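Listed below are the residues making up each chain.
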Amino acid sequence: MTFRLAAPAAAMLAAALATAAPAPAQDLHFPSLSYRTGPFGAGGIPFADGYSDYLTLMNERDGGIGGVPIRQTECETAYNTEKGVECYEAIKGDSPLILQPLSTGITYQLIPRVTADGIPLHTMGYGRTSAKNGAVFSHIFNYPANYWDGASIAIKHLLDINGGDLSGKKIALVYHNSAYGKEPIRTLEELSEKHGYALSLLPVDSPGQEQKSQWLQIRRDKPDYVLMWGWGVMNPVAIQEAANIRFPMENFIGVWWSGSENDVLPAGAGAHGYKSLAMHGTGMDYPVYADMKQYVIDAGKAAGAGDQVGSVLYSRGMYAAMLAVEAARKAQEIHGTAEITPAMMRDGMEALEITEERMAEIGLPNFGPAFAVSCENHGGPGRGLVQQWDATAKQWNLITDWIESDLEVIDALVAEDSAAYAAEAGITPGCN
Amino acid sequence: MFYREAGDFKSSYPGDSQTFPIRFDRMRYYAVLAVAFGIIPFVINDYWASAVIVPFLIYAIAALGLNILTGYCGQVSLGTGGFMAVGAYACYKLMTAFPEVSILIHILIAGGITAAVGVLFGLPSLRIKGFYLAVATLAAQFFLVWLFNKVPWFYNYSASGQISAPERTFLGVALTGANASAPAKYLTCAIFLFALAWLARNLTRGTIGRKWMAIRDMDIAAEIIGVNPLTTKLSAFAVSSFFIGISGALFFAVYLGAAEVGESFGINKSFLVLFMIIIGGLGSIFGSLAGAAFLVLLPVFLKNVLVGMLGWPTDLAAHLELMIVGALIVIFLIAEPHGLNQLWRVTKEKLRLWPFPH
């Protein structure tokens, strides 16, 4: 009785799976664990489009990377860890060069698996922050910035506008009640001891459509500033609620995942003045878009509906793809072969160096920070910008220069958390 | 013709009351066991284990547990996700606190802890039933998720509130963690499912099971003929939670390897397992397995057909998948309101008479 149904179902599935063609050898496999459905699709779609379009541009304009064409595959995770595991298991045998799940939950699932299977994982501005310590997390990279940098950059910005003193101020953190939203808490607590502000925590349960009580509490407590770690449908709801209680928008700062057009447009004029962090530039004023238009968009090869070009999260997807392509070039250079394996890709990522000149060559001058990755530092420089929404012009304007995070506080936390992970997982930290 | 009891004589009571009285049934059962334990472990690969079979086996255990409570004892529960979380977090705390003890023992103890919690939340069932009890168990679901989010002790004070299963071995073979091989994961879950299904089958046809069914069919009449509602209902909660706790522990430790309570054990999980037993058939062991298979395998199958074979865009396929699964649930329940198990029973009746139905 036990497995009566398993056998016929297995036969059916086997038939379905058998058709997945084995990979031709001469290409570079860049999978995309995307999500275009579900409550987080509003963030997943532009990112996946930007990621795919940049890789398409490489294929169409340059014939791939170092003459080897890129092969793209896409797997829908719906921001769900179980589907993420299914996607990972489906592609891991197909020599994927780099994985970017765009989900902190899925990242936590994948950290031990990719390390065992030798596949590099890039979690740009999300994931497990202490992966910055490459001596413990050999296959995990989170350059150019991470959540703790984000928390510190937000506080530094507040310090700047308050003349360097936050003592006696009240700061509330509205966060997605998941691994993602909880990440900055430890840093914000450390910083509150250092700078003397009072921190209050307001969790919002996933997906975050219901936030009335949290904003009622904000209305009652009247914090000086509100920080937000939100994603997907939670962002526009929070911004609308803040507008409803007439919270001064310039005192409301979201992390870089809470700062896209999709988040502020629903609140209309009420969102005017809302600030968010940014880890790269945005908009269409970059030379790369001329090629993008010629080779991808006008050629009808754009991913998805093609309506996201130039938006904040599209830019981020493109940035992620750009860093991946540069790492692949580096790997080709180090190993002297154009057909690289995931293990070579990892070496390329660890030796990655992004300079101002290189970004200008690519057609993205001053788009992101210049940085170099090393084994000790998989997290990049930890610099970010602050952008502010202009509801009348419907665009984001950068209002600061690059802000350095408080590495003194963060590096200590990274060392502590990564050491705890190393002990738990039985890893001997070391760089070779 | 192929499937009949004519000529299959029994000369003893045990022979007559065995689980599979028909010879053909029994042979097929042994054949399934032989395939499950003799062939699959040698041919299974990572994708099949981690994405298809292991989740099916684990959900089957959860569905069995809920079926004992809801299908056999008639107590509606929406707290399955919360009880799975108890199993997962109990297993995590035990794994990290006593690394030298075998993981298999930890999984069993996690089931025991969940049974105790289940009894606690089963207490209201002595006063309320039906929809009201469903609401009380819903409270358990939300309370437990809130608890595991709120109290950092449960997740060992990790920065993100995630729990991650460290590598644990049994006789030198890794069962949890990234280095666990596909056969090891598969066999762990298969052995637990086999043992628990065997236990469930034998409990439900003995005294305890008859008491549960008496309470389900009419509690006042059952009380009059001497069934104690206190012990009967609480034993159903205990056994059911034990099963669900084990499934939660396996779900976290063997299948996912890392979990987060809101995402992995939310209200959606409670509904998913409830749908499994409704589609499979209330009050049936086979129904639990069939329902779990339907809801776990079908989406993966559709994804592989639509994206892998037909090459459709992933978002279109994901939307279609929801529509197809939803439509099939409705069609199945219209065609056979008592679930897949009843469909199977009717098929067997027809096969018995075939090819001479009159």
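All figures in this text were calculated on a predicted structure; none of them were measured in a lab.

J.: Please provide a residue-by-residue account of the overall build of chain B, values included.
T.: Within chain B one finds 15 helices and 4 strands. Overall, the C-alpha framework of chain B stretches about 70 × 55 × 45 Å when taken along its three principal axes. Across the 358 residues in chain B, those meeting the buried criterion constitute 50%. For chain B, the proportion of contacts with a sequence separation of at least 24, taken over those separated by at least 6, is 76%.

J.: I'd like a description of the overall build of chain A, backed by residues and values.
T.: Along chain A, the regular secondary structure elements total 15 helices and 14 strands. Computed over C-alpha atoms, the radius of gyration of chain A comes to 22 Å, within 12% of the 22 Å expected from 2.2 N^0.38 for 432 residues, which places it in the range of a compact globule. Projected onto its principal axes, the C-alpha positions of chain A cover 60 × 60 × 45 Å. Buried positions account for 56% of the 432 residues belonging to chain A. The contacts of chain A with a sequence gap of at least 6 include a subset with a gap of at least 24, amounting to 72%.

J.: Please set out the pairing of strand S2 (residues 70–76) of chain A residue by residue, giving values where relevant.
T.: All names here are of chain A. The pairing of strand S1 (residues 28–34) with S2 spans 7 bridges and is classified as parallel. Pairing of Ser34 across the sheet is with Glu76, part of S2. As a crossover connection, the stretch from S1 through helix H2 (residues 41–62) into S2 is right-handed.

J.: If you had to explain the nonpolar core to someone new, which residues and values would you point to?
T.: Nonpolar side chains in soluble globular proteins tend to be buried together. Counting 236 residues, the largest nonpolar core has B:Ile61, B:Ala88, B:Cys91, B:Leu250 and B:Phe252 as its most contacted members. Among residues more than four places away in sequence, those in contact with B:Phe252 are B:Ala88, B:Cys91, B:Tyr92, B:Ile163, B:Ala165 and B:Ala259.

J.: Which residues make up the packing of helix H13 (residues 285–309) of chain B against helix H15 (residues 340–353) of chain B, and what values go with them?
T.: Residue and element names in this part refer to chain B. At a closest axis distance of 8 Å, the pairing of H13 and H15 adopts a crossing angle of 115°. In contact with Phe286, Gly287, Ala290, Gly291 and Phe294 of H13, H15 contributes Leu340, Asn341 and Trp344. The class makeup of the residues in the contact of H13 with H15 is 5 nonpolar, 3 polar and no charged.

J.: Let's hear about unusual backbone geometry: which residues, and what values?
T.: Cis geometry is adopted by the peptide bond preceding A:Pro144, which originates at A:Tyr143 and carries an omega value of 5°. Along the chain, A:Pro144 turns up in the loop between strand S4 (140–141) and helix H5 (147–161). Residue A:Ser206 is joined to A:Pro207 through a cis peptide bond whose omega torsion reads -5°. Positioned with a positive phi, A:Ser95 is a non-glycine residue whose angle comes to about 35°. Position of A:Ser95 among the secondary structure elements: in the loop between helix H3 (81–91) and helix H4 (104–117). The backbone phi angle of B:Leu171 is positive, close to 55°, even though this residue is not glycine. Counting through the fold element by element, B:Leu171 comes out in the loop between strand S2 (169–170) and strand S3 (173–174). Taking the number of C-beta atoms within 10 Å as the measure of exposure, B:Leu171 has 6 and is therefore exposed.

J.: Go over the UniProt feature "domain: Leucine-binding protein" (unreviewed entry) in chain A with me, naming the residues and quoting the values.
T.: Those places that UniProt annotates as "domain: Leucine-binding protein" (unreviewed entry) correspond, in this numbering, to residues 32–390 of chain A. Helix makes up 42% of residues 32–390 of chain A and strand 14%, and the two end C-alpha atoms of the span are 32 Å apart.

J.: Which residues make up the UniProt feature "transmembrane region" (unreviewed entry) in chain B, and what are the values?
T.: All names here are of chain B. In this numbering, the UniProt entry assigns the feature "transmembrane region" (unreviewed entry) to residues 27–44, 50–69, 76–95, 101–123, 130–148, 236–259, 271–296 and 316–335. Each end of residues 27–44 is marked by a C-alpha atom, and these two atoms are 24 Å apart; helix forms 94% of the span and strand 0%. As annotated, residues 316–335 comprises 100% helix and 0% strand, and the C-alpha atoms at either end are separated by 28 Å.

J.: Mind laying out the environment of B:Val43, listing which residues take part and the relevant values?
T.: Note that B:Val43 resides in helix H2 (residues 23–43). According to the C-beta neighbour criterion, B:Val43 is exposed, with 9 such atoms within 10 Å.

J.: I'd like a description of H2(A), backed by residues and values.
T.: Residues and elements named next belong to chain A. The terminal C-alpha atoms of H2 lie 31 Å apart, and with 22 residues this matches the ideal 32 Å at 1.5 Å per residue to within 8%. Counted residue by residue, H2 has 18 buried out of 22 residues, so it is predominantly covered. A positive phi of about 70° marks Gly63, the residue just after H2.

What counts and how
- Residues numbered from 1 in each chain as written.
- Chains lettered and ligands numbered in written order.
- Predicted model: local features only at pLDDT ≥ 70, side-chain atom pairs only at ≥ 80, totals over all residues.
- Helix = DSSP H or I, 4+ residues; strand = E, 2+ residues; numbered from the N terminus.
- Buried ≥ 20, exposed ≤ 12 C-beta atoms within 10 Å, placed from the backbone.
- Contact = placed C-beta atoms within 7 Å.
- Rg over C-alpha atoms; globule rule 2.2 N^0.38 Å.
- Pairing = 2+ DSSP bridges.
- Right-handed = clockwise from strand over helix to strand, strands pointing away.
- Core = buried A, V, L, I, M, F, W, Y, C linked by C-beta atoms within 7 Å.
- Axes fitted to C-alpha atoms, helices over the stretch in contact; angles between N-to-C directions.
- Nonpolar A, V, L, I, M, F, W, Y, C, P; charged D, E, K, R; others polar.
- UniProt positions renumbered as here; feature names shortened; annotations may be inferred.
- Expected span 1.5 Å × (residues − 1).

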